[in-house]
Amino acid sequence: MPPGVDGLETLAAQGADVIITDINMPEMSGIELLEQLGCERRQLTALLSNRPTPYFADLDNFVAFTLLDAEWNVTGVGTHPLAVCLGTKCLVTMHRETSPVIDAMRQSYSRSFRRIALSPGFLLYALASHLCETYTQIVGQISDDNQTVQDNLFRQADERMFERVAELLRAVSEFQKVVVYAREIVHDLSLRRSPMIPETTQPYLEKKAGLLDRLSADVASERELLSETGKVCVESAKQKGAGNEGGYAAPPAFRIIRDERYGDSQLTFYAREGQDKT
């Protein structure tokens, strides 16, 4: 479809099954184009903000909400907002970064997307399904990284190992919040009475909310194991420090700042001796 004003004229004359638009375009921005289709600028701006918590709103012509795209890499988890506007005849997604979830949807339905796109309810289910698949892959990567730490624990229970454990612990805790946020949104979609959300789709969405619950529990288990590993590193550092002879430079000691409960799990915070920063 042509951009801006030309695209709107083409849409009015010919209609469209799928709309792909940039945010920045000449003459008319993507935001302005969506306004012409019935979205509200205030809500669109809120959807595209980098808010750390879920967003959900009932509009006149759309149900609007945000999810968080996530990617796991060597430094931890990276997240990007994925904004969604769901109408009775369309589903619009907006994202500033490349979206692994949307890319996966395109690959899965590349041959039959036009047929599937005629059903916004199925598109909504496909979005939730691919989000769960993306998160499941990340849980697997977390488990692999955690296993690598455990394999090296008794060969290298020193400061570097502790720093790696602390880095993983922060990333895993952040990712668990992402999963919990997604579960809240998908669960809400499965229960909300709205002409934009087909009742036939809602039982399948509730199953995906249950899967997100289980993924959250799996992440909590990985985090608890990392927390225990951190304690082992602290004790190892203290023992090496106590037995320091012959000029051996023992790793600096760490101390426990506090323990916090998070659901059914316990999170332990550490800091170097003489410092308050975890």
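Every chain is numbered on its own, with residues counted from 1 as its sequence reads. For this predicted model, a pLDDT threshold of at least 70 governs which residues receive local features, and a threshold of 80 or more governs which side-chain atom pairs are given and counted, while totals over whole chains, interfaces and linings are taken from all residues. Remark: hydrogens and water are excluded; side-chain values derive from all non-hydrogen atoms of the structure.

For this particular structure, what's the right way to read the overall build of the protein?
Looking only at helices and strands, one finds eight helices and six strands in the protein. Ordered by position from N to C terminus, the α and β elements of the protein give α-α-α-β-β-β-β-α-α-α-α-α-β-β. Here the analysis covers contacts within the protein between residues at least 6 apart in sequence; of these, 55% occur between residues at least 24 apart. Secondary structure elements are taken from DSSP: a helix is a run of H or I of four residues or more, a strand is a run of E of two residues or more, and numbering for both begins at the N terminus. Any two residues whose heavy atoms approach within 4.5 Å are treated as being in contact.

Can you walk me through the packing of helix α6 (residues 120–152) against helix α7 (residues 159–191) in this structure?
For any two helices packed against each other, the geometry comes down to the angle between their axes and how far apart the axes lie. Fitted lines through C-alpha atoms serve as axes, helices being fitted only where they are in contact, and the angles separating the N-to-C directions of these axes extend from 0 to 180 degrees. Direction vectors running N to C along α6 and α7 enclose 160°, while the axes themselves pass 11 Å from each other. Considered as vectors, α6 and α7 are oriented roughly antiparallel to each other. Pair α6 / α7 crosses with left-handed handedness. Touching Leu124, Leu131, Tyr135, Ile138, Val139, Ile142, Asp145, Val149 and Asn152 of α6 are Met161, Arg164, Val165, Leu168, Val172, Phe175, Val178, Val179, Ala182 and Leu189, all from α7. In this classification, Asp, Glu, Lys and Arg are treated as charged, Ala, Val, Leu, Ile, Met, Phe, Trp, Tyr, Cys and Pro as nonpolar, and every other residue, Gly included, as polar. Among the residues making up the contact of α6 with α7, the classes are represented as 16 nonpolar, one polar and two charged. Comment on the angle field: the value is read as roughly parallel under 35 degrees, roughly antiparallel over 145, roughly perpendicular from 65 to 115, and oblique elsewhere. Definitions for this section: a left-handed crossing has its near helix turned counterclockwise from the far helix by less than a right angle. A right-handed crossing has that turn clockwise.

What is the right way to read the nonpolar core from this model?
Within soluble globular proteins, side chains that are nonpolar tend to cluster in buried spots. To qualify as a nonpolar core, a set must consist of buried Ala, Val, Leu, Ile, Met, Phe, Trp, Tyr and Cys residues joined through side-chain atoms within 4.5 Å. Burial classes follow relative accessibility: with a 1.4 Å probe on protein chains only, a residue under 20% of its type's maximum area counts as buried, one over 50% as exposed, and anything between as partly exposed. Core analysis: the biggest nonpolar cluster contains 53 residues, and Tyr135 and Phe175 have the highest contact counts within it. At the level of elements, β2 (63–73), β3 (76–86), α4 (100–108), α6, α7 and α8 (202–242) are the ones that each hand at least two residues to this core. Among residues more than four places away in sequence, those in contact with Phe175 are Ala70, Val77, Tyr135, Ile138, Val139, Ile142 and Val219. Ala57, Phe62, Cys85 and Val92 belong to the second largest nonpolar core, which has 10 residues in total.

What exactly am I supposed to notice about the confidence of the model for the protein here?
Should pLDDT be low for a region, the predicted coordinates there are not to be read in detail. Confidence scores here are pLDDT values: one per residue, from the predictor, ranging 0 to 100. Mean pLDDT over the protein stands at 75; residues scoring 70 or higher make up 63%. Predicted confidence is poor over residues 244–254, with pLDDT under 50, and the contacts of this stretch with residues over four places away or in other chains come to 23 contacts.

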